[in-house]
Amino acid sequence: MSELSVNHLLGIKYINQKDIELIFETADHFKEVINRPIKKVPSLRDITIANLFFENSTRTRLSFELAEKRLSADVVNFSAASSSVKKGETLIDTVNNILAMKVDMVVMRHPNPGAGVFLSKHVGSSIVNAGDGAHEHPTQALLDTYSIRETLGGVAGKKVVIVGDVLHSRVALSNIYALQKQGAEVMVCGPKTLIPKYINELGVKVETNLTKALQWCDVANMLRVQNERMDISYFPSTREYSQQYGVTKSILEKLDKEIVIMHPGPINRGVEITTEVADSEQAIILNQVENGVAIRMAVIYLLASKIK
Amino acid sequence: MSQKVLLTGKEIDIILHRLACQLIENHTDFKNTVLIGLQPRGIFVADRLKEILIKEYGINNLKLGYLDITFFRDDFRRGNLPLEANKTIIDFVVEDKQVVFIDDVLYTGRSIRAALTAIQSFGRPLGVELLTLIDRRFSRHLPIQPSYRGRQVDAINNERVQVNWGNNTAEDAVYLIN
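Conventions and cut-offs
- Residues numbered from 1 in each chain as written.
- Chains lettered and ligands numbered in written order.
- Predicted model: local features only at pLDDT ≥ 70, side-chain atom pairs only at ≥ 80, totals over all residues.
- Helix = DSSP H or I, 4+ residues; strand = E, 2+ residues; numbered from the N terminus.
- Rg over C-alpha atoms; globule rule 2.2 N^0.38 Å.
- Buried ≥ 20, exposed ≤ 12 C-beta atoms within 10 Å, placed from the backbone.
- Contact = placed C-beta atoms within 7 Å.
- Pairing = 2+ DSSP bridges.
- Axes fitted to C-alpha atoms, helices over the stretch in contact; angles between N-to-C directions.
- Domains from an automatic or database assignment.
- Nonpolar A, V, L, I, M, F, W, Y, C, P; charged D, E, K, R; others polar.
- Expected span 1.5 Å × (residues − 1).
- Right-handed = clockwise from strand over helix to strand, strands pointing away.
- Parallel < 35°, antiparallel > 145°, perpendicular 65-115°, else oblique.
- Left-handed = near helix turned anticlockwise from the far one by under 90°.
- pLDDT = per-residue confidence, 0-100.

Some words on the overall build of chain B
Along its length, chain B carries three helices and eight strands. Helices and strands appear in chain B in the N-to-C order β-α-β-α-β-β-α-β-β-β-β. The C-alpha radius of gyration computed for chain B amounts to 16 Å, which stays within 12% of the reference 16 Å derived for 178 residues, consistent with globular compactness. Projected onto the principal axes, the alpha-carbon positions of chain B cover approximately 45 × 40 × 30 Å. Taking all 178 residues of chain B together, the buried fraction comes to 36%. Considering only contacts within chain B whose residues lie at least 6 apart along the sequence, 68% involve residues at least 24 apart.

Here's what the structure looks like:
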């Protein structure tokens, strides 16, 4: 069996197609495990993992914690809101203090892009990036593309449009890398103000008309409008945004094919997709959540197997 | 490297028929019994036994599953190569059933220890038995013995027992490789 080419998962940019395949094959096994009556394996019983969340998270933290516990790892949780970070401690000091307690792996979410890369150069443990600012969210991209593979039988040759707030989205960037590495065609769609200036360098198509984008694609990945990252107004009103970029049942019915609808969550129902679409057969949003645990188990298992 | 034939294809066939008869002797119609082939190599023995039981002894509704023990092994992070997982396929209830583990070679007993833990994830069996084609004596690390054995072999630690399952060009054989 091959092993990952990296000791950390800092971003999809830093891994190759073989790594992605290995993660997916391992996740297939873990998906079977989490559907057993007893959903736990003892592989990581001598591994301790620290979940360091310097930014709010519900589902990602829950998903990581569940994945770690399903693998029998010992888990310590840390959230910035109730820590010494508030007292002025630096990131390296915080992490080194935690590592001094003999922690083998760190899962970190941080508001600053590149925080994971920075940390990996300064501490000895294995780092998993659970989202760094508007940079990357590798496990989300892995579970998204894994869900596409599961639903459509593969990723290569598929057309995927990422709709919405691409500018502030780490999910978008990681998805673009992951989809391209697996041979998919990628388009981004949204108001021009929410499409980053560097987008042409990524080799993706750009479309501002939602209907045209949906007509082109096999899969539409709907992003949440990240109001918390917006320092200025990027569109006139939420109502206008949802009228132009919100997916409704009537838009989907006008297409000449059935497309797959994805959403990384949390959903703003009635903004990027309607309740009717979110709860429809075409939406695989809850499959994404289930696959998230299997993918994170695979990533943690494969990285832990490199800790000697 | 030298190799010696321990069992020929003909001998393996006779042994598998004997093991099938021993299973019938203890489990009659297999109504409350399930067979579990242990991945990766025990599944070949299990498939052969299933074929014999159905075709030659008319056992119907025989339940056979495959169990992978990779995530239950006790040598994670201890070897040079990562452990390779295989598929687990158990699409029946194990709770309150007589489970028969089937493997090709019983050596240290550590795989069986892992399998005993792994099967608990699917329920609480009434009892567990072990059927093995080859039983390597004098090499056990744990107090585990087979309930049904094909052939007992005395091999020293640096020798390897390999079971080859034939295809169109080669026939079944068990080798002792030094």
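Now that the structure has been shown, the text picks up again.
Details of the overall build of chain A
In terms of regular secondary structure, chain A is built from eleven helices and nine strands. Its C-alpha radius of gyration of 19 Å places chain A within 12% of the 19 Å reference for a compact globule of 308 residues. In terms of overall dimensions, chain A has C-alpha extents of about 55 × 45 × 35 Å along its principal axes. Among the 308 residues that make up chain A, the fraction classed as buried is 46%. Contacts in chain A between residues far apart in sequence, at least 24 positions, make up 76% of those at least 6 positions apart.

Topic: the sheet that holds strand β6 (residues 185-189) of chain A
All names here are of chain A. In space, the five strands of this open sheet follow the order β7-β6-β5-β8-β9, with parallel pairing throughout. Looking at which strands have only one partner, the edges of the open sheet turn out to be β7 (205-207) and β9 (260-262). The average undirected angle you get between the axes of adjacent strands in this sheet is 25 degrees. Relative to β9, helix α5 (residues 138-152) is tilted by about 160 degrees, and along the sheet it contacts β8 (219-222) and β9. Sheet strands in contact with helix α6 (residues 170-181) are β5 (159-163), β6 and β8, and its direction is about 160 degrees off that of β6.

Brief notes about the domain arrangement of chain A
Residue and element names in this part refer to chain A. Here chain A is described as being made up of domain 1 (12-137 + 291-304) and domain 2 (138-288). Its C-alpha centre places domain 1 at a distance of 25 Å from the equivalent point of domain 2. Listed by partner, the interface residues are 22 residues for domain 1 and 24 residues for domain 2. Elements with a contribution of two residues or more to the side of domain 1 that touches domain 2: α1 (17-33), β4 (126-132) and α11 (285-304). Per-class residue counts for the side of domain 1 that touches domain 2 are nine nonpolar, eight polar and five charged.

Overview of helix α2 (residues 42-55) of chain B
All names here are of chain B. A rise of 1.5 Å per residue sets the reference length of α2, with its 14 residues, at 20 Å; its end C-alpha atoms lie 20 Å apart and thus fit the reference within 8%. Those residues of α2 that sit buried are Gly 42, Ile 43, Val 45, Ala 46, Arg 48, Leu 49 and Leu 53. Each element contacted by the buried residues of α2 is listed here: α1 (9-27), β2 (33-38), β3 (63-67), β4 (98-106) and β5 (127-137).

Let's talk about the pairing of strand β3 (residues 105-110) of chain A
Residue and element names in this part refer to chain A. With six of six residues buried, β3 is to be regarded as a mostly interior element. Here strand β1 (residues 48-53) pairs with β3 via five bridges, running parallel. Counted as the bridge partner of Asn 51 is Val 107 from β3. Across five bridges, the pairing between β3 and β4 is parallel. Paired with Met 108 across the bridge in β4 is Asn 129. Where the polypeptide runs from β3 across helix α4 (residues 115-122) and back to β4, its parallel neighbour, the crossover connection is right-handed.

Quick notes on the sheet that holds β4 of chain A
Residue and element names in this part refer to chain A. Strand order in the open sheet formed by four strands is β2-β1-β3-β4, with parallel pairing between adjacent strands. At either end of the open sheet lies a strand with only one pairing partner, and these are β2 (74-79) and β4. Pairs of neighbouring strands in the sheet enclose a mean axial angle of 15 degrees, with direction left out of account. Running at roughly 180 degrees to β1, helix α2 (residues 59-70) makes contact with β1, β2, β3 and β4 of the sheet. With respect to the sheet, α11 is in contact with β3 and β4, its orientation differing from that of β4 by roughly 150 degrees.

Some details on the interface of chain B and chain A
The interface is formed by 13 residues belonging to chain B together with 15 residues belonging to chain A. Along the lines of polarity and charge, the residues of the side of chain B that touches chain A split into seven nonpolar, four polar and two charged.

Considerations on the pairing of β3 of chain B
Residue and element names in this part refer to chain B. Bridge count for β2 against β3 is five bridges, and the pairing is parallel. If you follow Gly 37 over to β3, its bridge partner there is Tyr 66. With α2 bridging β2 and its parallel neighbour β3, the resulting β-α-β unit is right-handed.

A word on the packing of α1 of chain A against α5 of chain A
Residues and elements named next belong to chain A. Between α1 and α5, the least distance of the axes is 11 Å, while the angle of their chain directions is 70 degrees. Accordingly, the angle class assigned to the pair α1 and α5 is roughly perpendicular. Viewed along their axes, α1 and α5 form a crossing whose handedness is right-handed. For the pair formed by α1 and α5, the contact residues are Ile 20, Ile 23, Phe 24 and Ala 27 on the first element and Leu 142, Tyr 146 and Arg 149 on the second. In the contact of α1 with α5, the residues fall into six nonpolar, no polar and one charged.

A look at the confidence of the model for chain B
Looking at chain B as a whole, its pLDDT mean stands at 92, while 98% of the residues score no less than 70. Here the predicted complex scores 0.90 on pTM and 0.82 on ipTM.

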